[in-house]
Amino acid sequence: MNSRRQKLLKRALIALSLAITLCMAWVTLDRVSINVVGQPSTTGVIQSQMERPFFESLAASTGLPLDVHYRTLDEVGFKDTYQLAMLKDGTLDLVSLRFLQNAAAEPTLQGIDLPGLNTDFETGRAVVEAYAPVIDRRLQQRYGVKLLGIWTFGPQVLFCRKPVKALADLAGLRVRVGGAAFSPVIEAAGATPVVVPFDDVRDALKSGMVDCAVTSSSSANFAGWPEYATHNLSLAMQLGLNGYAIRLSVWNQLSSLQQQTLQDAFTKHIDAVWDYARELHD
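Quick caveat, the model's predicted, so the values are computed rather than measured.

**Student:** How would you explain the packing of aromatic side chains if you had to name every residue and give the values?
**Tutor:** In the structure shown here, the tally under the stated rule is eleven aromatic pairs. Both rings, one in Phe54 and one in Phe266, keep their centres 5.0 Å apart while their planes meet at 75°; by these two values the pair is edge-to-face. Taken together, the residues span a long stretch of sequence, with Phe54 in helix H2 (residues 45–56) and Phe266 in helix H13 (residues 256–281) at a distance of 212 residues. The pair formed by Phe54 and Phe266 is uniform in burial state, with each residue classed as buried. Members of the aromatic cluster, each reached through a chain of ring pairs, are Phe54, Phe55, Tyr70, Trp151, Phe153, Tyr244 and Phe266. When the ring centre of Trp251 is taken as origin, the NZ or CZ atom of Lys146, which lies over that ring, is 5.3 Å away.

Shown next as structure tokens:
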């Protein structure tokens, strides 16, 4: 009997030792450094109140051995059209990927938010669920990048320096767009599309370089567009979809359990952003 107890005790001690070893391995793993570039600080509350806090607390909230270095796009000072190239060459590890601005480099990004496709949140989420795997496969094949999820700024509408009550009123005007993919809609209305980086739009409206510009209401208000764009056409033409993408070489430094923990954190964050964007729009 004593011998049996001794064997059971020995097995229990071995199991406990193994559990402690696994726990210590989690704690003592080499830390993974992640250079993150987020949205421009001028894009508004989704960046400042949702995105930045998420990344700055990511290591603590997940318990993962991460050293997260978060900066906004304007802080690093490069054009948003280069995000995929900088992920591919290893300059960046994770980006808040601006789909419209990177659609020229990767056309599959354009397909998920074509003008007129996503005019409400329900449609947008359904399209994302169906099309996100296509984007993920493409990014992994061409850029060595994994898509962690897709979120929205909210409906993209027009802000103008003069009265505009319908698309027909755009005839003869110069309209700022975030990327060339939006240009056919503007041209069809008889206007001239002008690609201008978001951070430069307020000055472009002020100087009269453009007569109108397209973005979400929350971003326009935060960036001060209404000071010069005194009229608004609340016709939703896109949903302003963006994503989070991480280099596979960084992702693969994590164990399968750690990868799931990180993915779960992004999924929860992205769900909260969708809800927040809806609140801002309503």
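Moving on from the model shown.
**Student:** Report on H2, specifying residues and quantitative values.
**Tutor:** Over its twelve residues, H2 runs 16 Å from end to end, which matches the ideal 16 Å to within 8%, given 1.5 Å per residue. Burial in H2 covers these residues: Val45, Ile46, Gln47, Met50, Glu51, Phe54 and Phe55.

**Student:** So what's going on with the nonpolar core? Residues and values would help.
**Tutor:** Counting residues in each nonpolar core, the largest one holds 55 residues, and the members touching the most others are Phe55, Leu94, Phe99, Ile150, Leu262 and Phe266. Residue contributions to this core peak at eight residues, all from H13. Ignoring sequence-local partners within four residues, the contact set of Phe55 consists of Val36, Val68, Tyr70, Leu94, Tyr244 and Phe266.

**Student:** Pulling in residues and values, what's your account of the state of the cysteines?
**Tutor:** Scanning the model with the defined rule gives one disulfide in all. The side chain of Cys160 participates in a disulfide bridge whose partner is Cys212; the two sulfur atoms lie 2.1 Å from each other. As the torsion about the S-S bond is roughly 110°, the Cys160-Cys212 disulfide counts as right-handed. Of the two residues, Cys160 is situated in strand E5 (residues 156–160) and Cys212 in strand E8 (residues 212–216); the sequence distance between them amounts to 52 residues.

Calculation criteria
- Residues numbered from 1 in each chain as written.
- Predicted model: local features only at pLDDT ≥ 70, side-chain atom pairs only at ≥ 80, totals over all residues.
- Heavy atoms only, no water.
- Phe/Tyr/Trp six-rings, centres within 6.5 Å; stacked < 30°, edge-to-face > 60°.
- Helix = DSSP H or I, 4+ residues; strand = E, 2+ residues; numbered from the N terminus.
- Buried < 20%, exposed > 50% of the residue type's maximum accessible area, 1.4 Å probe, protein only.
- Lys NZ or Arg CZ within 6 Å of the ring centre and 35° of its normal.
- Expected span 1.5 Å × (residues − 1).
- Core = buried A, V, L, I, M, F, W, Y, C linked by side-chain atoms within 4.5 Å.
- Contact = heavy atoms within 4.5 Å.
- Disulfide = S-S within 2.5 Å.

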